[in-house]
Amino acid sequence: MPVYLTRHGTSEWNLLKKWQGEVDTNLAPKGVAQAEERAQWFASKGMVFDAAYSSDLKRAAQTAEILAAACGGAAVALDRRLRECSLGEFEGQTK
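Given the structure is predicted, the values throughout are model-derived calculations rather than measurements.

Student: What is the right way to read the nonpolar core from this model?
Tutor: General note: in soluble globular proteins, nonpolar side chains tend to be found buried as a group. Judged by nonpolar contacts, A39, F42, M47, F49, L67 and C71 together constitute the single largest core of six residues. Contacts of F49, omitting those with residues within four sequence positions, involve Y4, F42, L67, A68, C71 and A74.

Pasting the structure below:
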């Protein structure tokens, strides 16, 4: 059984060059477009997902929902154990 991994699209804080860690930020419009582009690529290869798993953070969940919808409509299971690691006091700081 193949397993496909992908990173979330560009978030609002990526554009601001801020460290995110476990801060729950949204995808930027650019990130939505990236996720849609990746979803179209997977779909063009005929890929159908039987399952989809994502961090419960919005940027990852939004990306996963877009991918899953384009590749068979599998429900996305959200799991906080898939989050990025906490960056403590660095979260929200600029790079």
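Student: Just checking my understanding: could you explain the side chain of Q20 for this structure?
Tutor: Here Q20 shows up in the loop between α1 (12–15) and α2 (29–44). For Q20, a relative accessible area of 6% gives the class buried. Reaching out from Q20, the side chain makes a polar contact with the side chain of T25 at a distance of 2.6 Å. The contacts of Q20, once residues within four sequence positions are left out, are H8, S11, W13, N14, T25, R59, L87 and E91.

The rules we used
- Residues numbered from 1 in each chain as written.
- Predicted model: local features only at pLDDT ≥ 70, side-chain atom pairs only at ≥ 80, totals over all residues.
- Heavy atoms only, no water.
- Core = buried A, V, L, I, M, F, W, Y, C linked by side-chain atoms within 4.5 Å.
- Buried < 20%, exposed > 50% of the residue type's maximum accessible area, 1.4 Å probe, protein only.
- Contact = heavy atoms within 4.5 Å.
- Helix = DSSP H or I, 4+ residues; strand = E, 2+ residues; numbered from the N terminus.
- Polar contact = N/O pair within 3.5 Å; in protein donor to acceptor, adjacent residues only side chain to side chain.

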